[in-house]
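# Architecture and fold: a report
Listed below, chain by chain, are the residues.
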Amino acid sequence: VRGGAEETTTGLLRLRRLESEGKLRCPVIAVNESRTERTFNDRYGTGQSALDGILRATNLLLAGRTLVLIGYGATGKGIAQRARGAGAHVVVCEVDPLRALEARMDGYEVMPARDAAERGDLFVTVTGSRAVLRKEHFERMKDGAVLANAGHFDVEIDLGELAELSAGVRQVLPLVEQYALADGRRLNLLAQGRVVNLAAGEGHPAAVMDMSFANLALAVEHLTLHGDELEHRVIDVPKRLDEEIARLKLESLGVRIDELTADQLEYLSSWGAG
Ligand SMILES: NC(=O)c1ccc[n+]([C@@H]2O[C@H](COP(=O)([O-])OP(=O)(O)OC[C@H]3O[C@@H](n4cnc5c(N)ncnc54)[C@H](O)[C@@H]3O)[C@@H](O)[C@H]2O)c1
């Protein structure tokens, strides 16, 4: 094995842990963090496909509804943007103060999940962590609230605690299980808490996966050519590959852009001029 190319957030978390313990035995290129992956796959790919999965499973009208988004990372931002575009009122819950501030300044309401629990018609988790929706939240949710996970496996919504609180479960639509709580409220869980854009939709459109696969293919080529010179660490996708992918994508869309003039290049690379 000469190296690896990792495309997921969670995969990189684990690889970085291996690296910090000195157990990573080959270089790994962090494809997930290249600009052509992060911005387009996460923001536009997941942003659209997560909502698509939710709508296919429920046929819910987003306009006028309150969507509580838990996790305002690269992926969450896409979901928030698309949901707002469809007329939903978006409430963001975060643990990172910078991300929370960004959400607030992007124009969303920000509050702890405990408070948002009472407000939401639809909850979407996208944190990479576990049990971000749990008993203390289920207990406060409105009758008919819909729960979906677009983040990590099926661990973001605590299904054990949801089952404990419930008197019964009924399949109301092919991908919707309705949990009847002891006090009569009903909570609708989509796709058994699994990643909703994959379980209830078709995943990311090919038109963003092309850039992800280009990143993977070029990362593998880079490892083949330069693997021996690289440290056994998690490393960035070389900037020139990222830019090349964006250039090719623009070309395929028939979009042309400007280039810096020689004068601008000189100005930007000097320190003498004001
Ligand atoms: N459905 C898909 O196709 C798809 C696509 C990309 C990423 N993902 C998954 O989505 C998850 C998030 O990915 P990302 O790239 O956006 O990660 P990210 O690290 O950029 O963002 C996650 C955000 O969640 C926040 N967060 C963590 N725990 C929280 C908690 N308990 N309450 C509130 N906020 C919390 C973090 O502060 C962070 O801002 C990962 O598991 C990733 O693998 C899924």
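In the block above lies the structure referred to throughout.
This structure is a prediction, so every number in the text was calculated from the model and none was measured.

On to the packing of helix H2 (residues 35-58) against helix H3 (residues 74-85). Axis separation between H2 and H3 bottoms out at 7 Å; the angle between their running directions is 50°. Classed by the angle they form, the pair H2 and H3 counts as oblique. Of the two elements, H2 crosses H3, and the hand of that crossing is right-handed. Residues Arg38, Asp42, Arg43, Tyr44, Thr46, Gly47, Gln48, Ala50 and Leu51 of H2 form the contact with H3, whose own contacting residues are Ala74, Thr75, Gly78, Ile79, Gln81, Arg82 and Ala83. Here the contact of H2 with H3 is composed, by residue class, of 6 nonpolar, 6 polar and 4 charged.

The subject of this paragraph is the sheet that holds strand S1 (residues 4-5). One open sheet accounts for 3 strands, arranged S1-S2-S11; its pairing is parallel. Each having just a single partner strand, S1 and strand S11 (234-235) make up the two edges of the open sheet. As judged from the 2 bridges shared by S1 and strand S2 (residues 28-29), these two strands associate in the parallel manner. Directly across from alanine 5, in S2, lies its bridge partner isoleucine 29.

Further remarks concern the site of the ligand. Thr9, Thr75, Glu94, Arg99 and Asn197 are the nearest of the 25 residues found near the ligand. The separation between an oxygen atom of the ligand and a polar main-chain atom of alanine 74 is 3.3 Å. Between a nitrogen atom of the ligand and a main-chain N or O atom of alanine 150, the distance comes to 2.9 Å. Within the complex, 83% of the 860 Å² of free accessible area of the ligand lies under protein. Most atoms of the ligand, that is more than half of them, are within 2 Å of grid points of the largest pocket. Among the elements that line the shell around the ligand, the one with the most residues is H2, at 3 residues. Residue classes in the shell around the ligand are distributed as 8 nonpolar, 12 polar and 5 charged.

With that settled, the discussion passes to the pattern of salt bridges. A side chain with one charge can pair with a side chain of the opposite charge if their charged atoms come near. Counted according to the given criterion, the structure contains 21 salt bridges. Of the charged contacts, one joins lysine 23 and glutamate 21 as a salt bridge, the two residues approaching to 3.4 Å between their closest N and O atoms. Residue class for glutamate 21 comes out partly exposed when judged on its relative accessible area of 46%. Between arginine 38 and aspartate 42 there is a salt bridge, and its shortest N-O distance comes to 2.7 Å. Highlighted residues: arginine 38 and aspartate 42, both in helix H2, separated by 4 residues, approximately one helical turn. Judged by relative accessible area, which is 5%, aspartate 42 ranks as buried. Through salt bridges with shared partners, a single network forms among Glu19, Glu231 and Arg233.

About the criteria used
Residues numbered from 1 in each chain as written. Predicted model: local features only at pLDDT ≥ 70, side-chain atom pairs only at ≥ 80, totals over all residues. Heavy atoms only, no water. Axes fitted to C-alpha atoms, helices over the stretch in contact; angles between N-to-C directions. Helix = DSSP H or I, 4+ residues; strand = E, 2+ residues; numbered from the N terminus. Parallel < 35°, antiparallel > 145°, perpendicular 65-115°, else oblique. Left-handed = near helix turned anticlockwise from the far one by under 90°. Contact = heavy atoms within 4.5 Å. Nonpolar A, V, L, I, M, F, W, Y, C, P; charged D, E, K, R; others polar. Pairing = 2+ DSSP bridges. Near = heavy atom within 4 Å. Polar contact = N/O pair within 3.5 Å; in protein donor to acceptor, adjacent residues only side chain to side chain. Areas by Shrake-Rupley, 256 points an atom, 1.4 Å probe, with all protein chains shown as cover. 1 Å grid on protein atoms, 1.4 Å probe; cavity = no way out; pocket = protein on both sides within 12 Å on 5 of 7 lines; lining within 4 Å. Sits in = over half its atoms within 2 Å of the grid points. Salt bridge = Lys/Arg side-chain N within 4 Å of Asp/Glu carboxyl O. Buried < 20%, exposed > 50% of the residue type's maximum accessible area, 1.4 Å probe, protein only.

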